Amino acid sequence: LLAASSLAAQDPAWAGWTFSWENDTFALLTRERTDARYTNGIRFTLARNEARNWEWVRAFGEWWRIQSPLARSGRPHTTTSALVIGQTFFTPSVITSFDPDPRDRPFAAFTYAGLHVDVTEDPPPEWIGAHARLQHSFEVGLGMFGPPAAAEEVQTGVHVLRRAGNPKGWSHQLSTEPAFALSYQGRARLGWHFLDVVPQLGAMTGTAQTYAHAGLVARIGWNLSG
């Protein structure tokens, strides 16, 4: 589930917002919609107006453009930023037992707030016909594990509304402790008239999660942008 909006005003401090909700209930192609493993993720971002960006964000974009081996030095670019809040939680295969299987994934939740920065390079002259653009995304999130993450209340409330089996094992969730996450994602957008392809590669590290990922998005339509 994804919702987004722009804030219409004369040079506002904030440019728009995005809300996303991932839940295994939305897995329409899966026969069994269980709460096993990654079961829910909520995320809200509030984008800063580029014209009123913080000075240190602009400085970081300039540093990345000049110093990073992944960036094309001297290439025109834009640097945008957004504030982020979110919550992700994970559960074992059976959530209706007061004594979860110790061999299964534990009940765990990470609620966080952070900052997201995108450095988007303008296309090189020889690529203008293909509408190619490169983007480097960075994010830092600080938050909490354990009961302060409030996942038990969220999942119980959703299951009451859905009249599903109530989770009973959150008393065994990971203990309270601060956590952080750092992530990077690189994307290239290659477009031809009514088609564009966006390959991406990234990684996350920290006390919350550590993994690498790769993917590709293809879109077909008219007036494609973004």
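The numbering scheme is per chain: residues are counted from 1 as the chain's sequence reads. For this predicted model, a pLDDT threshold of at least 70 governs which residues receive local features, and a threshold of 80 or more governs which side-chain atom pairs are given and counted, while totals over whole chains, interfaces and linings are taken from all residues. Based on all heavy atoms of the structure, the side-chain values leave hydrogens and waters out of the count.

Draft legend 1. The arrangement of helix 1 (residues 55-67) in detail. For helix 1, which comprises 13 residues, the first-to-last C-alpha distance of 18 Å matches the rise-based estimate of 18 Å (1.5 Å per residue) to within 8%. The buried label goes to any residue with under 20% of its type's maximum accessible area, the exposed label to any with over 50%, and the partly exposed label to all in between, with areas taken from a 1.4 Å probe on protein chains only. Here a helix means four or more residues in a row that DSSP labels H or I, a strand means two or more in a row labelled E, and each is numbered from the N terminus. Considered for burial, the residues of helix 1 that qualify are Val57, Gly61, Trp64 and Arg65. Taken down its axis, helix 1 places every buried residue within 100° of arc, on the same side. Seen from the buried face of helix 1, the exposed residues on the opposite side, beyond 90 degrees, are Glu55, Trp56 and Gln67. The contact definition used throughout considers only heavy atoms, calling two residues in contact when any of these lie within 4.5 Å. Contacts made by the buried residues of helix 1 are with strand 4 (77-91), strand 5 (108-121), strand 6 (133-145) and strand 7 (177-192). For a helix, the expected span equals 1.5 Å multiplied by the residue count minus one. In this description, the arc belongs to the directions extending from the helix axis to the C-beta atoms.

Draft legend 2. The packing of aromatic side chains, seen in detail. Aromatic rings from Phe, Tyr and Trp, with only the six-membered ring used for Trp, were paired whenever their centres fell within 6.5 Å, and each pair was classed as stacked if the ring planes differed by under 30 degrees, edge-to-face if by over 60, and tilted otherwise. By the definition in use, this model includes 13 aromatic pairs. Ring centres 5.8 Å apart and planes at 80° place the aromatic pair phenylalanine 89 and tryptophan 170 in the edge-to-face group. Taken as a pair, phenylalanine 89 in strand 4 and tryptophan 170 in the loop between helix 2 (151-162) and strand 7 lie far apart in primary sequence, 81 residues in all. Per residue, the accessibility class of phenylalanine 89 equals that of tryptophan 170, and both read buried. In this structure an aromatic cluster arises from ring pairing among Phe60, Trp63, Trp64, Phe138 and Tyr184. Its end group placed over the ring of tryptophan 14, arginine 48 keeps NZ or CZ at 4.7 Å from the ring centre. In this scheme, Lys NZ or Arg CZ marks a charge over a ring once it lies within 6 Å of the ring centre and within 35 degrees of the ring normal.

Draft legend 3. Summary view of the pattern of salt bridges. Counted as salt bridges are all cases of a side-chain nitrogen of Lys or Arg within 4 Å of a carboxyl oxygen of Asp or Glu. Scanning the model with the defined rule gives six salt bridges in all. Between arginine 43 and glutamate 139 there is a salt bridge, with the nearest N and O atoms lying 2.5 Å from each other. Of this pair, arginine 43 sits in strand 3 (residues 37-48) while glutamate 139 is found in strand 6, placing the two residues 96 residues apart along the sequence. Notably, a salt bridge pairs arginine 189 with aspartate 196, separated by 2.9 Å at the nearest N-O pair. As far as burial versus exposure is concerned, arginine 189 and aspartate 196 are alike and both buried. One network of salt bridges, in which partners are shared, links Arg189, Asp196 and Arg219.

Draft legend 4. Expanded view of the pairing of strand 4. Across ten bridges, strand 3 lies against strand 4 in antiparallel orientation. Each residue of the ladder has a partner; that of isoleucine 42, found in strand 4, is glutamine 87. Strand pairing is defined by DSSP finding a minimum of two bridges between the two strands.

Draft legend 5. Quick look at the side chain of arginine 48. For arginine 48, the position within the fold is in strand 3. You can call arginine 48 buried: its relative accessible area is 14%. Other than its neighbours up to four places away in sequence, arginine 48 contacts Ala13, Trp14, Ala15, Asn53, Trp54, Ser81 and Ala82.

Draft legend 6. View of the environment of glycine 202. Within the secondary structure layout, glycine 202 lies in strand 8 (residues 195-206). In the structure, glycine 202 is positioned 18 residues away from tyrosine 184 in sequence and 5.4 Å away in space, judged by C-alpha atoms. For glycine 202, the residues in contact, after removing those within four places along its chain, are Tyr184, Gln185, Ala212 and His213.

Draft legend 7. Quick look at the sheet that holds strand 2 (residues 14-23). Spatially, 1-2-3-4-5-6-7-8-9 is the arrangement adopted by the nine strands of the open sheet, whose pairing is antiparallel. Strands with a single pairing partner mark the edges of an open sheet, and in this sheet they are strand 1 (2-6) and strand 9 (211-220). Put simply, the sheet's adjacent strands are angled 15° from each other on average, direction ignored. Each axis is a line fitted through C-alpha atoms, and for a helix only the stretch in contact is used; angles between axes span 0 to 180 degrees, taken between their N-to-C directions.

Draft legend 8. Representation of the environment of lysine 168 within the structure. One can find lysine 168 in the loop between helix 2 and strand 7. As for lysine 168 and serine 97, which are separated by 71 residues in sequence, their C-alpha atoms are 5.6 Å apart. Residues contacting lysine 168, with those up to four places away along its chain left out, are Ile95, Thr96, Ser97 and Phe98.

Draft legend 9. Geometry of a nonpolar patch on the surface. What goes into a patch is any residue over 30% in relative accessible area without a salt bridge, connected to like charges within 9 Å or, for nonpolar side chains (Val, Leu, Ile, Met, Phe, Trp, Tyr), within 5 Å. The Shrake-Rupley method, run with a 1.4 Å probe sphere, supplies the accessible areas, and residue values consider only the shown protein chains as cover. Together, Trp192, Phe194, Leu195, Ile220 and Trp222 make up a nonpolar patch on the protein surface, roughly 640 Å² of accessible area in all. You can see isoleucine 220 is positioned in strand 9.

Draft legend 10. Structural detail: the confidence of the model for the protein. Each residue carries a pLDDT score, the predictor's own confidence in it, on a scale running from 0 to 100. Of all residues in the protein, 85% attain a pLDDT of 70 or more, and the chain-wide mean is 84. Strand 9 holds the highest mean pLDDT among the elements of the protein, 95, whereas strand 1 holds the lowest, 75.

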